[in-house]
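For reference, the chains in residue letters:
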Amino acid sequence: MRRIAAALVGLCLMGTACAGRPVWGLPVQEVSRETLADIAPAGRLPGAAKPTAYRVKLDIDPRQARFSGAVEIDIALENAATGLWIHGDDLDIAAVTATAGGETVPATWTEVLDTGVAWVGFPKRLTARAVTLSIAYSAPFDQNLAGLFRIDAGGNAYALAKSESIQARRFLPGFDEPGMKAVFDIEITVPEGMHAIANTPEIGREAVRPGYETIRFARTRPLSTYLLSTAVGTFDRVPRAPIPPSRVRDTPIPLTGYTRAGKGSELDFALSMTPAMVIAFEEMLGQPYPYEKLDIIAAPDWPSGATELAAAITYREARILRGPNAGPAFVRGLKEIHAHEIAHMWFGNLVTPPWWDDLWLKEGFATWSEPVILSALEPDAGHDMTAVATGLTAMALDSLAGARAVAEPVARNEDIRNAYDAITYSKGQAIISMVDQALGPDVFRPALGRYIAAFEDRSADNADFFASISKETKVSHAGDIFRSFVTQSGVPLIEAEITCPLGAPRLTLTQSRYRPLGSTIDAARTWTLPVCVAWRDGANQGETCTLMRSAQAVVDVRGAICPDLIIPNARGAGYYRFDLSPARWAELTTALRGLTEAEALVTVDSAQAAFEAGRLPAAQLRDVLKAAADHPSGSVGISMLRSYEKLLALLVGSPAEGRLKASAGASLSSLRAEAESDEELRARLAVFEASALEDERVIADLETQLNGLMAGTGNLSSDLYRAALGASFATADAARFDAILAARERLDDAPFSQAVYDTMGRVKSPALAEKVRRLMMNGSLGPQASYAIAFSLMNNPETREETWAALKSDFPAFLAVIPSQQRRNTPRLVRSFCDPAIIPEIEALFAVQGPEAAGHERALAETSESLRLCAAQRAATREDMENAF
C-alpha cells in the first residue's frame, strides 16, 4: 500500500490555520489512504485551496493508446497546510512537486475516492499563502466517451475531451468544480498534419520531434474545468467569414467549423445561422459575446447531444450535421440545440454556478433561450409553441412523489449527473418563461443582461440570482416566484371556478400539488404563483390575473357580466395544470377549436393529467381529444397524438385496444388535411399511424421509401427514419437485417445510424433477437449504440423478458460497453414492464452492481415509483376506458 506525506495533526489537515515559520516548516507524519478516505470530501472540496492559473502541456496522438501531460497550477491558500485536496481520476502520476517561497519540494499524490478525489501531501508544513503544484502524468484514452477519449471513424483517429460535468479530472489534475475558475495557458503536441482545437485561438507552433509539433494557444478568460476543450485529429476545417461587429461589440469574431474527414459540407447550415444567433443574444442581453473566437465541432461520437465547451462548442454529429435527407423536425431540433449551446456562452460559461445544486442557472436559461432567440429570428415558425410544449414535458417527472427540486443539494460527486434531467432543463425553462411573461420581456430580459454583467467571469448561486433579478427588474416578488418554484418539487394544480353573485363575477382559485392515481404525494403544497385566467362572456373577453401566495385566492372579474367560458392558464404561460367542474370542462371542450394554440396545448395536457389523477372520466377525455383533432394548429394535433399513445399503452392486451385505435384513426381526418401543407406534421402523423396504429398502408409506403434510400434511388426524410426502420425490423428476416446494417455503413448518415440503433430491438425472430443482444453486449457498434439497443429491446414485449435475463446474467459486461455517464440511468431499462413485481429483481441487481453504476439511486427510485403508478393507473382506468372506447 502506498503511503503519503500528510499531517493528521488537529485541524491542519482540514485547512485551518497552523502557525509556523519559515515558508516550509517542520516535517509532517505519514497518513494512510484508508485514514484519508474517512475524511475525504465526497462532494465539494473544502475551499481552502483555490486555483488562480494553470499552465497545461498535453501530448496527444489519437493513433496511440495513451496520452501524457504536465501541468503547473498556481494556488491561493487560505491557511497554512500540510497538503490539499484536488481532483485526478485514474491518472498515472509520474511526479509531483510543490513550490513556495522560492523553494521546491517533492510532494505525493494519492487518489483517495473512486470519483477522482485525491490528496497531495507536502513533506513539510507550508505556511505561505501561495503554492505552485507541478504534476507530470499519463493515462490511457477512455473507451466509453468520457474524459479524453479516442474514436476511429472513416479510417481516421480522433481524440476529444468531454469535460462536463466532472470528467476534466480524467485528463487533467486540478480543481474540477464549476466555481473554481482560473485562467489557462495550454500547449498541445500533436502529429504533424492534425488539427488541435482548444478554447482560445492558436498563437504559435513549432516542431518538437520528428513528425510532431507543439501548438500554443492564447491565455483564456477565467474558466471552469468542465468547459475545457481539447480536440485532435484529421478534421475537415470549415472556415467562415467572421461574425461581424454588433451594437454591443466592436470587433469581429472568427468563426470556424470542424468535422470528421469528408463531412465538412454538412456543417454549412449550422455555421450559416451562427452569426445571426450570436448577435440576437447580444441584442437581447446587451452584453457582447465573451470569447475571442467561436468553433463549432461535430464529433464522430459524443456522450450527449452537445456540450458548451467555451468558444469550442462540441456536438454529436447526428445532432448538428444537416445531410441531404434532413427533415423539418430534425432541422428544428438542430436549430434548438445550436441556440442552446450558444446561450451557454453567457449562461454557464461567463457566469457559472458555483456548484451543481444550481445547474438550472445555466441549463434552464439555455433551454429557455432556444425558443426566445429562434422566435426573434423566425417569428412565424412556431418556436413559441415549442416553449409551451417543453414545459409540459417536465410535468411527468415532476408528478412523482420523489421528484427532486430544480435546485436540490448535491452532496456527492456520484449524484451530479442526476441533476441533468427534465426538471433542470424543461421545468427550469418553464419557470423562466412564466416570469418572463409575468414581468414582460422588456423588463425581464434587460435585467438578465445586467445580472450577467454583474457576475461576469465569476460564479453566481441561487441566492445571488434571486436578489439580482428582484433588484434589476425593480419587482420585489420576482425573486420570490423563482425561489418558490426552484426550491420545492411538484406541479401546482389550480382548481378554478367562477360564480356570479350580485355585482362583479368572482373567480375562486385553489392551489395544491398535482397527484396522479396511486401516488403517495401530499397535495398540501403551495407556491408563489402568477395565475392568469382568460374568460369569455358572449362576445366580450378578457383576462384576470393574480399572484397567489396561499392555498386560495378570490378575485373579482372586472369587465364581465358572467363568463360562460374560463381558460385557467391564459396564453399557456403558467407552469401548472388546472382542473374544472364537469360543466366547465364541457364548455371548454366545445370551445377548444377556437382557443389560441398555447391555450389549446395546456388544455389537452390538463385534461390528460386530470384523467390520470382520476378526476376526469375517460369519456370526457375522449371528447377533449376529438375536439383537439379539429384545432387548426399542428402542434395541438401532435399533443393529441401523444395522449392517444399514452392511452394505448394502458390498454395493451385489452379488447378495447382495437376500438381505441379505430377511434384515434377516425379522429385524424382534420389532421391529415392540415398535414398536406405542413411537412413536419405530415411526418409526425405517419409515425403515429405506423407505430401506434400499425396502419398497413402507411407501413408499406414507408417500406418503399426506405428501400429507395437503401438502394440509392430515392429519399426518405430523416424524420421518418425511426418509423420506417422500426416497421422494417419488425418483419425482418436475416437477409433484411443484414441489408439494413450494410446500408448504415454505406450511407454514412449519423441520424440514420442512430435510428438503426434505436429500432433494432423491434425484431421478432428469436434468432435475430439473439443477434441483436450480441451486438448490444459486444459493443462493436460503439457505446451509444449498445445503450440505445438495450432500450429498444426492452421496449419490445416480444424481446423484453429474454433481454432482461441476458442483462442480469452479465450486467458488468453491459456496463463496460455503454457510455460511462449513462451507467447511472440503467435502472430505467425496466420501466416498460409497467409491473411493480419487477422491482425486487432490479433492487437485488443494483444491490450487487450498484457501485459500478455510481449515482443510480435516483433512477432506481424514480423507476420503482413509475412502475407502481403505471400499474395503478392501468388497474384504475381500464374499465372506464373500455366503456368509453
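Computed from a predicted model, the values in this text were never measured in an experiment.

Draft legend 1. Spatial organisation of helix 14 (residues 634-650). Helix length check: helix 14, at 17 residues, gives a terminal C-alpha distance of 25 Å against a target of 24 Å (1.5 Å per residue), a fit within 8%. Counting buried positions over the 17 residues of helix 14 gives 12, a clear majority of the element. Those residues of helix 14 lying buried are G634, V636, G637, I638, S639, M640, L641, S643, Y644, L647, L648 and L650. Structurally, helix 14 contributes buried residues whose contacts are with helix 12 (597-612), helix 13 (618-629), helix 15 (656-666), helix 16 (669-675), helix 17 (679-691) and helix 27 (857-884).

Draft legend 2. Layout of the packing of aromatic side chains. In the structure shown here, the tally under the stated rule is 33 aromatic pairs. Seen in terms of ring centroids, W360 and F482 are 5.8 Å apart; in terms of plane orientation they differ by 35°. Their pairing is tilted. Remark: F482 occurs in helix 10 (residues 478-486) and W360 occurs in helix 5 (residues 360-377); sequence separation between them is 122 residues. Looking at W360, the relative accessible area reads 0%, which means it is buried. A ring pair is formed by F365 and W368, whose centres lie 6.1 Å apart and whose planes are at 80°; its orientation type is edge-to-face. Of this pair, F365 and W368 are both found in helix 5, 3 residues apart, which corresponds to roughly one turn of the helix.

Draft legend 3. Just the state of the cysteines, in detail. The tally for this structure, following the rule as stated, stands at 3 disulfides. Disulfide pairing is shown between C532 and C545; the S-S distance is 2.1 Å. Between C532 and C545, the disulfide has an S-S torsion of 115° and is therefore right-handed. Within this pair, whereas C532 is found in strand 28 (residues 529-537), its partner C545 is found in strand 29 (residues 540-548), the two being separated by 13 residues in sequence. On the accessibility criterion, C532 (15% relative accessible area) is buried. Accessibility expressed as a relative area gives 43% for C545, which makes it partly exposed. Residue pairing for C834: its cysteine sulfur links by disulfide to C870, the two sulfurs lying 1.8 Å apart. Handedness here is read from the sign of the S-S torsion; for C834 and C870, about -100°, the answer is left-handed.

Draft legend 4. Region of the structure containing unusual backbone geometry. Here the residue pair E164 and S165 is connected by a cis peptide bond, since its omega of 0° sits within 30 degrees of zero. Positive phi outside glycine occurs at K474, with the angle close to 60°. As for its placement among the helices and strands, K474 is situated in the loop between helix 9 (462-473) and helix 10. You will see that C834, though not glycine, has its phi angle at about 50°, which is positive. Positionally, C834 belongs in the loop between helix 25 (811-817) and helix 26 (839-849).

Draft legend 5. How the structure looks around helix 22 (residues 766-778). Here helix 22 spans 18 Å end to end across 13 residues, near enough to the 18 Å set by a 1.5 Å rise per residue. Residue G779 follows helix 22 closely and has a positive phi angle near 70°.

Draft legend 6. A look at the pattern of salt bridges. Evaluation of the coordinates by the stated rule reveals 58 salt bridges. For R205, the salt bridge goes to E213, with nearest N and O atoms at 2.7 Å. Assessed through its relative accessible area of 43%, R205 is described here as partly exposed. Residue classification places E213 among the buried residues on the basis of a relative accessible area of 14%. The partner of R247 in a salt bridge is E283, with the nearest N and O atoms 3.0 Å apart. Residue R247 is found in the loop between strand 19 (236-243) and strand 20 (253-259), and its partner E283 is found in helix 2 (residues 268-285); the two are separated by 36 residues along the sequence. Residue R247 is classed as exposed on the basis of its relative accessible area, which comes to 57%. Three or more residues are tied together by salt bridges with common partners; here these are R260, K263, E266, E317 and D748.

Draft legend 7. Structural view of the nonpolar core. Ranked by internal contacts, the top residues of the largest apolar core, which has 224 residues, are L84 and W360. Sequence-distant contacts of L84, that is, excluding residues within four places in its chain, are made with A49, I75, L77, A118, W119, V120, F122, V131, L133 and F175. Within the second largest apolar cluster, 57 residues are counted, among which are A732, F737, V817 and L860.

Reading guide: rules and limits
- Residues numbered from 1 in each chain as written.
- Predicted model: local features only at pLDDT ≥ 70, side-chain atom pairs only at ≥ 80, totals over all residues.
- Heavy atoms only, no water.
- Helix = DSSP H or I, 4+ residues; strand = E, 2+ residues; numbered from the N terminus.
- Expected span 1.5 Å × (residues − 1).
- Buried < 20%, exposed > 50% of the residue type's maximum accessible area, 1.4 Å probe, protein only.
- Contact = heavy atoms within 4.5 Å.
- Phe/Tyr/Trp six-rings, centres within 6.5 Å; stacked < 30°, edge-to-face > 60°.
- Disulfide = S-S within 2.5 Å.
- Salt bridge = Lys/Arg side-chain N within 4 Å of Asp/Glu carboxyl O.
- Core = buried A, V, L, I, M, F, W, Y, C linked by side-chain atoms within 4.5 Å.

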